[in-house]
Amino acid sequence: MTTVFLLVLYLGNVQQESNMVFADINRCKYFARTLMRQPAVPRGAKYKAICKPIEVDANNPNVRIYR
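What counts and how
- Residues numbered from 1 in each chain as written.
- Predicted model: local features only at pLDDT ≥ 70, side-chain atom pairs only at ≥ 80, totals over all residues.
- Heavy atoms only, no water.
- Disulfide = S-S within 2.5 Å.
- Helix = DSSP H or I, 4+ residues; strand = E, 2+ residues; numbered from the N terminus.
- Buried < 20%, exposed > 50% of the residue type's maximum accessible area, 1.4 Å probe, protein only.

Visitor: In this structure, what is going on with the state of the cysteines? I would like to understand it.
Guide: Covalent bonding between the sulfur atoms of two cysteines defines a disulfide. Overall, the coordinates contain 1 disulfide when judged by the stated rule. Covalently, C28 is tied to C51 through a disulfide, its sulfur atoms 2.2 Å apart. One disulfide, between C28 and C51, carries an S-S torsion of -110° and so falls in the left-handed class. Of this pair, C28 sits in helix α1 (residues 25-36) while C51 sits in strand β4 (residues 47-56), and the two are 23 residues apart along the sequence. By the burial criterion, C28 is buried, and C51 matches it.

Structure (structure tokens):
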């Protein structure tokens, strides 16, 4: 098992589906900051993004870890 960082995205209070995992927290935080700088969607809801540490099997071919 390997510790990685899952990019979790919220639109308003609703968590959106996400499967982007990063090996480096700084890379994950870069994308989180970039997403939160997006203008509000037409409904007025704002994006919120966080990086959540999780454990994954790095040998699983269904898991793509961005470096």
